[in-house]
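Residue-level listing of the chains:
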Amino acid sequence: HAQQKSAWYRMVSSTKLQDFPILEKTVLLENVDQFSTITEEEGQISLTGGTTGASMKVIYTLEDVQERSAIIDHFRASYGYSLGKKTAWFSGKDIVRLHDLRSGNCFRDDYINRIRYFSTFHIGQRYFDVYWKAFTDFSPEYIIGFPSSVYDLCSMALERGLEFNGHVKAFFPTAETILAHHREVIGKVLGCPLIDQYASSEGAPFILQCKEDKLHIHPLTGIFEVVNEQMQPSIEGEILVTSFSTRGTPLIRYRIGDRVKLAPSEYRCKCGSCFPVVEYIDGRTSDFLWSPEHGRVNLGNISNCTKDVPGIICFQVIQNVPDIVNVSIIAGKEFTEPEELHFKKALQSRLGKSVTINIQRVDSIAHEKSGKFRLVKNQLTSEQIQNST
């Protein structure tokens, strides 16, 4: 299909996947019109969030949209969800203004499908009461959306000693990597499991969590290639994606910027599926801090610094140079000076003594334009990393 319909792939004569060039994000950004097989008027436009620096536009055919929606619906249905059941949705929709918030409105309702869409741009101490009342009054059966937004809401509820009296059956996070503290705090406040999934706005194939809490690559949706720094096959590394449901803008061996670690090939999941198992998804390749002493410190290790440190409602770490990190913290009353020292020591042990850690307490931390939250913002260049080793 791609070789027949796409001007870009018409130039590739081989029909073997390995003979196709690896598709870099910059190449796609600069030549996206040559990849597409239909016009914008003939399909549906999907825009990525732009959290890695630039937003990207791809076009889906109607068949693409139907197929991807069916995959997600089938996945969620295995946990009891169906359209029409009460659902709270936390995504990057810019749907409310300040005057709405001041009058106690932080959402928009889809009455027909019983979905309450919450704005994720204003969740914070100032408007917590507005969000908590809207959420508890609605009392959803299911939640879909950004885990960081729901985590923030639950953290502030814990800080205030509030309880949720409803019953959420499942939370289907989207767009962000689920971290251990997300599961802990959300589970404590809402009592619901977080059911993980991986895809992308560009149309990556799917990785879905089974009933045994294992993540399975679904080969019927596309091909994942895991490669190391030399772009050679590996058990752990970056993924190159080739999706079967991006007919409008075919992406073949696309270097999407996420990392995974595969389970050993002989591993068999108790759920009975023969689909390959992923041990973990690391998120964007830029979601790490660099330590001149220890090298790459991944997102999970950074988030674990909050273990046994009460009072941290939300934090973000920004690294612009190898030997300095700046940490912004939204702190509750339990985050005392000894707790701050405990947190700083945990960070220091991961980053090494040569890294200066600056901590600043703030009232709020800005989300990306897409509404997503980034725990780590690594602004280092490859040259800076190389020179620091």
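Residues numbered from 1 in each chain as written. Predicted model: local features only at pLDDT ≥ 70, side-chain atom pairs only at ≥ 80, totals over all residues. Heavy atoms only, no water.

### Section: unusual backbone geometry
We count it as follows: Secondary structure is summarised from DSSP: a helix means a run of H or I of at least four residues, a strand means a run of E of at least two, and numbering begins at the N terminus for each. Residue burial is assigned from relative accessible area. The probe radius is 1.4 Å, only protein chains are included, and a residue is buried under 20% of its type maximum, exposed over 50%, and partly exposed in between.
Residues other than glycine seldom take positive phi values, yet Arg114 does so here, at roughly 60 degrees. In this structure, Arg114 sits in the loop between β4 (107-110) and β5 (115-119). On the basis of relative accessibility, which here comes to 40%, the residue Arg114 falls in the partly exposed class. A positive phi angle, close to 65 degrees, is found at Asp213, a residue other than glycine. Turning to its location among the elements, Asp213 is positioned in the loop between β9 (207-209) and β10 (215-217).

### Description of the state of the cysteines
To be explicit about the condition: For this text, the term disulfide refers to a pair of cysteine sulfurs within 2.5 Å.
A complete count under the given rule lists zero disulfides for this structure. Free of any disulfide, Cys106 has its nearest cysteine sulfur in Cys154, 14 Å distant. The buried category is assigned to Cys106, whose relative accessible area is 0%. Cys274 takes part in no disulfide bond, and the closest cysteine sulfur, belonging to Cys271, lies 9.3 Å away. A residue is classified by how much of its surface remains accessible, and Cys274, at 64% relative accessible area, is exposed.

### Considering the sheet that holds β4
Selection rule: Two strands are said to pair when DSSP picks up at least two bridges between them. Orientation is described by lines fitted to C-alpha atoms, with helices fitted over the stretch in contact, and by angles between N-to-C directions that extend from 0 to 180 degrees.
Taken together, five strands build an open sheet; the order of strands is β4-β5-β3-β6-β7 and the sheet is mixed. Every other strand in the sheet has two partners, leaving β4 and β7 (170-173) as the edge strands with one partner each. With direction set aside, neighbouring strand axes in the sheet form an average angle of 20 degrees. Where strand β3 (residues 87-91) meets strand β6 (residues 142-145), four bridges bridge the pair, whose relative direction is parallel.

### Comments concerning helix α5 (residues 128-138)
Here α5 has its buried residues at Phe128, Val130, Tyr131, Trp132, Ala134, Phe135 and Phe138. Positioned one or two residues after α5, Ser139 has a phi angle of 50 degrees, which is positive.

### As for the pattern of salt bridges
Side chains that differ in charge, positive against negative, can pair when their charged atoms come close. Defined as follows: Here a salt bridge means any side-chain nitrogen of Lys or Arg lying within 4 Å of a carboxyl oxygen belonging to Asp or Glu.
The full count for this structure, using the stated rule, is 13 salt bridges. Between Arg247 and Glu63 there is a salt bridge whose closest N-O contact spans 3.6 Å. Pair noted here: Arg247 is in the loop between β12 (236-243) and β13 (254-262) and Glu63 is in helix α3 (residues 62-77), with a separation of 184 residues, a long-range link. Here Asp100 and Arg108 are joined by a salt bridge, their closest N and O atoms 3.2 Å apart. When salt bridges that share partners are traced, they join Glu63, Asp64, Glu67 and Arg247 into one network.

### Thoughts on the nonpolar core
Which entries qualify depends on this criterion: Only buried Ala, Val, Leu, Ile, Met, Phe, Trp, Tyr and Cys residues count toward a nonpolar core, and they belong to the same one when joined by side-chain atoms within 4.5 Å.
The biggest cluster of nonpolar side chains holds 37 residues, and the ones touching the most others in it are Phe90, Phe118, Phe135, Ile143, Ile186 and Leu190. Those elements that provide at least two residues to this core are β3, α5, α6 (147-159), α7 (180-190) and β17 (312-321). Counting 25 residues, the second largest nonpolar core, distinct from the first, contains Ala2, Leu28, Ile207 and Ile217.

### With respect to the packing of α5 against α6
Definition in use: Between 65 and 115 degrees an angle is taken as roughly perpendicular, under 35 as roughly parallel, over 145 as roughly antiparallel, and anywhere else as oblique. The contact criterion used is simple: two residues touch if any of their non-hydrogen atoms lie within 4.5 Å. Residues are sorted three ways: Asp, Glu, Lys and Arg are charged, Ala, Val, Leu, Ile, Met, Phe, Trp, Tyr, Cys and Pro are nonpolar, and all the rest, Gly among them, are polar.
Between α5 and α6, the shortest axis-to-axis distance is 11 Å and the interhelical angle comes to 100 degrees. Regarding the angle of α5 to α6, the classification is roughly perpendicular. Taken together, the residues of α6 that come into contact with α5 (itself represented by Phe128, Tyr131, Trp132 and Phe135) are Leu153, Met156 and Ala157. Residue composition of the contact of α5 with α6, by class: seven nonpolar, no polar and no charged.

### Quick word on the packing of aromatic side chains
What counts here: Paired rings are identified among Phe, Tyr and Trp, the last through its six-membered ring, by centres lying within 6.5 Å, and are further divided according to the angle between planes into stacked (under 30 degrees), edge-to-face (over 60) and tilted (the rest).
A full pass over the atoms with the stated rule returns 21 aromatic pairs. With a centroid separation of 5.9 Å and an interplanar angle of 50 degrees, the aromatic rings of Tyr9 and Phe20 are classed as tilted. Of this pair, Tyr9 sits in the loop between α1 (2-5) and α2 (25-35) while Phe20 sits in the loop between α1 and α2; the two residues are 11 residues apart in sequence, bridging distant segments of the chain. Note on accessibility: Tyr9 and Phe20 belong to one class, buried. Seen in terms of ring centroids, Phe128 and Trp132 are 5.9 Å apart; in terms of plane orientation they differ by 15 degrees. Their pairing is stacked.

### A look at the environment of His167
Structurally, His167 is set in the loop between α6 and β7. Along the sequence, His167 and Tyr142 sit 25 residues apart, while their C-alpha atoms lie 8.7 Å from each other. The residues contacting His167, other than those within four sequence positions of it, are Pro140 and Glu141.

Any functional reading would require information that these geometric values do not contain.
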